[in-house]
Amino acid sequence: MRVAMLAPIAWSTPPAAYGPWEQVTSHLTEGLVKRGIDVTLFATATSRTAGKLVATTAAGYAEQEGQDAKVLEYLHISQVMGVANTFDIVHNQFDFMPLGYTPLLDTPMVTTIHGFSSDHIVPVYERYNDTTDYVSISDADRDERLDYIATVYNGVDTDQFTFNDQPGDYLLYFGRIHPEKGTAEAIAIARRAKKPLWIAGLIQDHDYYRDQVEPHIDGEQVRYLGNVGPRERDRILGNAYALLHPINFEEPFGLSVAESMVTGTPVIAFRRGSMPELIEDGKTGYLTDSVEGAVDLVSACGDLNRWEIAEVATDRFSVDRMVDSYIDVYQRILSR
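Worth saying up front: this structure is predicted, and the values here are computed from it rather than measured.

Caption draft 1: Spotlight on the overall build of the protein chain. Summing up its helical and strand segments, the protein chain has 11 helices and 13 strands in all. Relative to the compact-globule value of 20 Å for 336 residues, the protein chain shows a C-alpha radius of gyration of 20 Å, a close match. Considering only C-alpha atoms, the protein chain reaches an extent of 60 × 40 × 35 Å along its principal axes. Every one of the 336 residues in the protein chain was classed for burial, and the buried ones make up 56%.

Rendered as structure tokens:
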């Protein structure tokens, strides 16, 4: 089987720090290569893979200033489509823009939908229902106007994470610093629970950070660690008493939630989007609907079995399980 893996190009694949779509694309690519599948990764020149790498840009447009993102994206996509007939399947991890090529291709395309940035783009997906196969990353993120071949949860490379049954006393917020991710709510929860909070992640909304996050950072009760990479991510997730995930939107997956649970660290999340699918309430963490509810659940996290949390998460969200599921999708498509 020859697979063309179309990666995003905001960041390298895998990313140095932030870049969830690139991270999942890398995990899948490397997992497929380990299974003996011939994969060509179309990504930035800064990317790394055990498969074949084809690049249209020296660096991601979020990594190197002065680049025109749209120009790079269209050059990138068109390069893949120009050689699509040399592959058995094209796997699109690049959102909706490649879909317009599908009526012109003889090679089948499968598209992983990593969430909808806006409801306005759904009609684009709907238009190409009959010319590509869609994979959702959670059942919660499905749109009734679209047809799906499968739901495949994002995989976590469990070798990158270390189980820890002797955590510290701090709570952790790990994710984009943006109103929809609930950084300010995490600060409020930690303060009311009288526990220190560590914050890690990319500052995506600078005004929000300046007005609602930075004034609380004192280096003791509230610390900001920056946009950390894989090694530091393992340490701070595994050492945390609990991960706070008080989201204010219908999140399609939540990679940090799965990563936290793989280390044994429970998650307290707002009951929105995919969280009820990812978290087994009372077993791997807790679901709530408010800051006040989250405060009441902080102490209960100490009663959860961290071995059991890690075991459940490893079984459900491993790279191997994701690879198995995508191979099944490929085979179903190619057997038609």
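Caption draft 2: Seen up close, the nonpolar core. In this structure, Leu 32, Leu 172, Leu 197, Ile 279 and Tyr 330 are the most contacted members of the largest nonpolar core, which totals 83 residues. Leu 172 has contacts with Leu 197, Trp 198, Ile 236, Leu 237, Ala 240, Ala 242, Leu 243 and Leu 244, leaving out every residue within four places of it along the chain. The next biggest cluster of nonpolar side chains, apart from the first, holds 23 residues, and it includes Ala 4, Met 109, Ile 113 and Tyr 125.

Caption draft 3: Inspection of the pairing of strand S5 (residues 109-113) at higher detail. Most of S5 is tucked away, with five of its five residues classed as buried. Side chains Met 109, Thr 111 and Ile 113 of S5 all project onto a buried face; the interleaved residues Val 110 and Thr 112 project onto the opposite face, where all are buried too. Sheet topology note: the strand S4 (residues 89-92)/S5 ladder contains three bridges and is parallel. In the strand pairing of S5, Asn 92 is matched with Thr 111. In the classification by handedness, the crossover that spans S5, the intervening helix H3 (residues 122-127) and the parallel strand S6 (residues 133-136) is right-handed.

Caption draft 4: Expanded view of the pattern of salt bridges. Counted under the stated rule, the structure contains 22 salt bridges. Overlapping salt bridges, with partners in common, bring together Arg 35, Asp 320 and Asp 324 in one network.

Caption draft 5: Molecular detail of the packing of helix H7 (residues 255-262) against helix H10 (residues 306-317). Running from N to C, H7 and H10 cross one another at 130°; their axes reach a closest spacing of 7 Å. By the criterion of interaxial angle, the relationship of H7 to H10 is oblique. On H10, the residues that touch Ala 258, Met 261 and Val 262 of H7 are Ile 309, Ala 310, Ala 313, Thr 314 and Phe 317. For the contact of H7 with H10, the class distribution of residues is seven nonpolar, one polar and no charged.

Caption draft 6: Representation of the sheet that holds strand S12 (residues 267-270) within the structure. One open sheet accounts for six strands, arranged S10-S9-S8-S11-S12-S13; its pairing is parallel. Every interior strand has two partners, whereas the edge strands, strand S10 (222-224) and strand S13 (285-288), have only one. The sheet shows a mean angle of 20° between the axes of neighbouring strands, taken without regard to direction. When strand S9 (residues 197-200) meets S10, the two strands line up parallel, connected through three bridges. Residue pairing for S10: Trp 198 is matched across the bridge by Arg 223. Contacting strand S8 (171-174), S9 and strand S11 (242-245), helix H6 (residues 230-239) runs over the sheet at an angle of about 140° to S8. The strands that helix H9 (residues 291-298) touches are S8, S12 and S13; relative to S13, the one it contacts most, it runs at about 155°.

Caption draft 7: Summary view of the sheet that holds S5. A sheet is described by the order of its strands in space; here seven strands give the open sequence S3-S2-S1-S4-S5-S6-S7, paired in parallel fashion. Each having just a single partner strand, strand S3 (52-55) and strand S7 (148-151) make up the two edges of the open sheet. On average, each strand axis in the sheet is inclined to that of its neighbour by 20°, with strand direction left out of account. Strand direction decides the pairing type here: strand S1 (residues 2-6) and strand S2 (residues 38-43), joined by five bridges, are parallel. When the bridges of S2 are listed, Ala 4 appears paired with Thr 40. Strands S1, S2 and S4 of the sheet are contacted by helix H1 (residues 20-34), whose axis makes an angle of about 155° with S2. Together, S1, S2, S3, S4 and S5 form the strand contacts of helix H2 (residues 69-82), whose direction differs from that of S1 by roughly 170°.

Caption draft 8: Examining the packing of aromatic side chains more closely. Scanning the entire structure with this criterion turns up 11 aromatic pairs. Judged by centre distance (6.4 Å) and plane angle (35°), the rings of Tyr 326 and Tyr 330 are tilted. Of this pair, Tyr 326 and Tyr 330 are both found in helix H11 (residues 319-334), four residues apart, which corresponds to roughly one turn of the helix. The exposure class of Tyr 330 is buried, given its relative accessible area of 0%. Grouping aromatic residues by their ring pairs yields a cluster made of Phe 116, Tyr 125 and Tyr 134.

What counts, and at which threshold
Residues numbered from 1 in each chain as written. Predicted model: local features only at pLDDT ≥ 70, side-chain atom pairs only at ≥ 80, totals over all residues. Heavy atoms only, no water. Helix = DSSP H or I, 4+ residues; strand = E, 2+ residues; numbered from the N terminus. Rg over C-alpha atoms; globule rule 2.2 N^0.38 Å. Buried < 20%, exposed > 50% of the residue type's maximum accessible area, 1.4 Å probe, protein only. Core = buried A, V, L, I, M, F, W, Y, C linked by side-chain atoms within 4.5 Å. Contact = heavy atoms within 4.5 Å. Pairing = 2+ DSSP bridges. Right-handed = clockwise from strand over helix to strand, strands pointing away. Salt bridge = Lys/Arg side-chain N within 4 Å of Asp/Glu carboxyl O. Axes fitted to C-alpha atoms, helices over the stretch in contact; angles between N-to-C directions. Parallel < 35°, antiparallel > 145°, perpendicular 65-115°, else oblique. Nonpolar A, V, L, I, M, F, W, Y, C, P; charged D, E, K, R; others polar. Phe/Tyr/Trp six-rings, centres within 6.5 Å; stacked < 30°, edge-to-face > 60°.

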